[in-house]
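Observations on the model geometry
The residues making up each chain are set out below.
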Amino acid sequence: MTVKKVDVLLVGSGVMSATLATLIHELDPSMQMMMVERLPSIAAESTDAWNNAGTGHAGYCELNYTPMDDAGNISINRALAINASFEVSLQLWASLVEKNALPTPAKFINKTPHLSFVWGKDNVEFLRQRYLMLKMHPLFKDMEFSEDTAQLTEWMPLMMQQRDSAVKVAATRVSYGSDVDFGSLTRELVKHLQKSASFQLNINTEVTHLKRLANGHWLVNIKDRITKKLQKVEASFVFLGAGGGALKLLQKSGIPESQGYGGFPVSGQWLVCNNPDIIKQHNSKVYGKAAIGAPPMSVPHLDTRIINGKPALLFGPYAGFTTKFLKKGSYLDLFKSVKPSNLKSLFGAGRHNIDLTRYLIGEALQKHSSRVTTLREFYPLAADADWHLESAGKRVQIIKKCDEKGGKLEFGTEIVASKDGTIAALLGASPGASVSVQAMIHVIERCFADQIKTEQWHSRIKALIPSYGESLVDNSELLARVRSRTLQVLNLG
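Residues numbered from 1 in each chain as written. Predicted model: local features only at pLDDT ≥ 70, side-chain atom pairs only at ≥ 80, totals over all residues. Heavy atoms only, no water.

**Concerning the pairing of strand 17 (residues 406-410)**
In plain terms, the rule: Only strands joined by at least two bridges in the DSSP assignment are considered to pair. Helix and strand definitions here come from DSSP, where helices need a minimum of 4 consecutive H or I residues and strands a minimum of 2 consecutive E residues; each element is numbered from the N-terminal end.
Here strand 16 (residues 387-402) pairs with strand 17 via five bridges, running antiparallel. Bridging from a neighbouring strand, Lys401 pairs with Gly407 of strand 17.

If you want it as structure tokens, here you go:
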């Protein structure tokens, strides 16, 4: 069997792999890359528009990014970091639009105001304090706050219809929030890559085995799921961007850095509106506070989406428990991920998250009428018949070693890379796709450390992302300059 040699092998065709491939191609078009995808179409798992929040997570409306401790202190550091990371994504997309590597922005990103909405005296006060803290920072200087019924009705008319006037409500709003169809974005990125002779896409193809060679490269066995034909690929660098499938492949790699990692799968479901008259009355993303005991990715929101160019209205997500790691995966995924090296982590995390598991199972067993009752907290006039349930994607949360508890469950994303930088994997979920560019820059800095220090690579990445190497959190002048450009180029202003 002949061995095909490539510089970069990307496993999975989601937004992470497509973003990394795009960055590498822009930095060095001569690098030979192969992308393999086990499904017959690309971006069909968590990246697909129906399978993620599509929010363009910027920290504008997600209240879980500004937690309050028992003493009433609100931390805004995570919101600042996520907002700055999303600005990095916007910069790359704007550059690619200008280079005609991406189509007109409306094909993948659309202006959609981001709102946080709460009710009850304590929650209103929390939102006010959050607003006052965020408003002081240049990243959030354009945020608005209101308790005024007339103002709130203008911002979210559907939600204010026949609302109980005796209950205090408040909202914050950022007008230039966005809705991102990450499925469309990813397909456009890959379409552009396919125009290059240095890039090859193999769909219906899965990785069956991988091992490190004496020369530091990786020998990867791949199989065509239709023809059953086997092929060997020798890659200088391997990126495991297979969403819920990344953990299994990371374990197969055998690198010491993979020890102790496990996964906790969480499924999601949306209530999707059937009524066009209702859909056109709402044009924003309105996030509330998560229920007590709910995981962060279950923050309820009434969400305007533009999917494949068509408007949609979703509410949720409703979390649930599953043993699948992928939407089109196997119910044995969780059990097959259990290894001697992560048993301690899994048992430790499981022992400390029994209430979460109970909550997820309860969510999965809800009746349609119960889900609509929750929706009425956002949209009081919601009728059962106007909504139906759709499955969303799977989110495999990270379980890792913890000296104190044996193992801990983390809600976020993490890059795991070998010491020599020849293989890297992205584990975890939210904020995920929204910070894909910053995440993949980290991969490049860790795994292409020598190249990124060269004048050629550094100047090229600065041309794509003008803020590269500088802090948008600390440099207000730089922020104003790059934000003005991206809002204009992407038609978000």
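After that view, the rundown keeps rolling.
**Focus: the packing of helix 1 (residues 15-27) against helix 13 (residues 436-447)**
What counts is decided by this rule: Here an angle of 0 to 180 degrees is reported between the N-to-C directions of two axes, which are lines fitted to C-alpha atoms, with helices fitted over the stretch in contact. Angles are sorted into four bins: roughly parallel if under 35 degrees, roughly antiparallel if over 145, roughly perpendicular if 65 to 115, and oblique for all others. Note on convention: the crossing is left-handed when the near helix lies turned anticlockwise from the far helix by less than a right angle, right-handed when the turn is clockwise. Residues are treated as being in contact if the distance between any of their heavy atoms lies within 4.5 Å.
It is at 9 Å that the axes of helix 1 and helix 13 come closest, and there the two elements cross at 60 degrees. Relative to helix 13, helix 1 is oriented oblique. With respect to the hand of their crossing, helix 1 and helix 13 are arranged in right-handed fashion. Together, Val15, Met16, Thr19, Leu20, Leu23, Ile24 and Leu27 of helix 1 and Ser436, Val437, Ala439, Met440, Ile441, Val443 and Ile444 of helix 13 make up the contact between the two elements.

**With respect to the pattern of salt bridges**
The line we're drawing: Any Lys or Arg side-chain nitrogen located within 4 Å of an Asp or Glu carboxyl oxygen qualifies as a salt bridge. The buried label applies to any residue whose accessible area, calculated with a 1.4 Å probe on protein chains only, is under 20% of its type's maximum; exposed applies above 50%, and partly exposed to all values in between.
Tallying each qualifying case throughout the model produces 17 salt bridges. Residue Glu26 is joined to Lys99 by a salt bridge in which the shortest nitrogen-to-oxygen separation is 3.2 Å. Taken together, the positions of Glu26 in helix 1 and Lys99 in the loop between helix 2 (77-98) and strand 3 (109-111) put the pair 73 residues apart, joining distant regions of the chain. Here Lys99 falls in the partly exposed class, since its relative accessible area comes to 45%. For Glu188, the salt bridge identified is with Lys191, shortest N-O distance 3.6 Å. Placement of the pair is Glu188 and Lys191 together in helix 6 (residues 182-193), with a separation of three residues, close to one helical turn. In this structure, a network of salt bridges that share partners links the residues Glu125, Arg128, Glu147 and Lys168.

**Considering the nonpolar core**
Short version of the rule: By nonpolar core is meant a set of buried Ala, Val, Leu, Ile, Met, Phe, Trp, Tyr and Cys residues that side-chain atoms within 4.5 Å join together.
Residues Trp93, Phe239 and Ile465 are the most contacted members of the largest nonpolar core, which totals 85 residues. Among the elements that take part in this core, helix 2 stands out by supplying twelve residues, more than any other. Val11, Trp218, Ile222 and Leu247 belong to the second largest nonpolar core, which has 29 residues in total.

**Considering the packing of aromatic side chains**
Here is the rule: A pair of aromatic rings is counted whenever rings of Phe, Tyr or Trp (Trp by its six-membered ring) have centres within 6.5 Å, and the orientation is called stacked for planes under 30 degrees apart, edge-to-face for over 60 and tilted otherwise. By definition here, charges over rings are those cases where NZ of Lys or CZ of Arg is within 6 Å of the ring centre and within 35 degrees of the ring normal.
For the structure on display, the rule yields twelve aromatic pairs. A centroid spacing of 6.3 Å and a plane angle of 85 degrees characterise the contact between Trp93 and Phe108, whose relative ring orientation is edge-to-face. Placement of the pair is Trp93 in helix 2 and Phe108 in the loop between helix 2 and strand 3, with a sequence separation of 15 residues. The same class applies to Trp93 as to Phe108, namely buried. Put simply, the rings of Phe86, Trp93, Phe108 and Phe182 touch in pairs and so form one group of aromatic residues. In this arrangement the basic side chain of Lys289 is found over the ring face of Phe126, its NZ or CZ atom lying 4.6 Å from the centre. Taking NZ or CZ as reference, Lys324 lies 4.6 Å from the ring centre of Tyr331, over its face.

**Structural notes on unusual backbone geometry**
Positive phi values are uncommon outside glycine, yet Asn100 reaches one of about 65 degrees. As for its placement among the helices and strands, Asn100 is situated in the loop between helix 2 and strand 3. Residue classification places Asn100 among the exposed residues on the basis of a relative accessible area of 65%. In this structure, Gln162 takes a positive phi of about 55 degrees despite not being glycine. Turning to its location among the elements, Gln162 is positioned in the loop between helix 5 (157-160) and strand 6 (169-174). The exposure class assigned to Gln162 is exposed, which follows from its relative accessible area of 68%.

**Observations concerning the sheet that holds strand 15 (residues 310-321)**
Across a sheet, strands are paired by hydrogen bonds formed along the backbone, either parallel or antiparallel in direction. Strand order in the open sheet made by the nine strands is 5-6-4-13-14-15-12-16-17, with mixed pairing throughout. For this open sheet the edge positions go to strand 5 (144-146) and strand 17, each flanked by a neighbour on one side alone. Averaged over all neighbouring strand pairs, the angle between strand axes comes to 30 degrees, with direction disregarded. Pairing of strand 13 (residues 285-287) with strand 14 (residues 301-307) involves three bridges; the strand directions are antiparallel.

**Digging into helix 2**
Put simply, the rule reads: A helix is expected to span 1.5 Å for every residue after the first.
Here helix 2 is 22 residues long and its end C-alpha atoms lie 32 Å apart, about the 32 Å a rise of 1.5 Å per residue gives. In terms of burial, helix 2 is largely enclosed, as 18 of its 22 residues are buried. Just beyond helix 2, the residue with positive phi is Asn100, at close to 65 degrees.

**Things to note about the environment of Phe321**
Tracing the sequence through the fold places Phe321 in strand 15. Discounting chain neighbours no more than four positions away, the residues touching Phe321 are Phe264, Pro265, Ser267, Leu334, Leu360, Ile361 and Ala364.

**Overview of the side chain of Ser253**
Position of Ser253 relative to the elements: it lies in helix 7 (residues 246-253). Ser253 gets classed as buried once you look at its relative accessible area, which sits at 10%.

**So, the environment of Trp50**
In this structure, Trp50 sits in the loop between strand 2 (33-36) and helix 2. Note on Trp50: relative accessible area 29%, which makes it partly exposed. Apart from the residues within four sequence positions on either side, Trp50 is in contact with Trp270, Val272, Ile307, Ala312, Leu314, Ser391 and Ala392.

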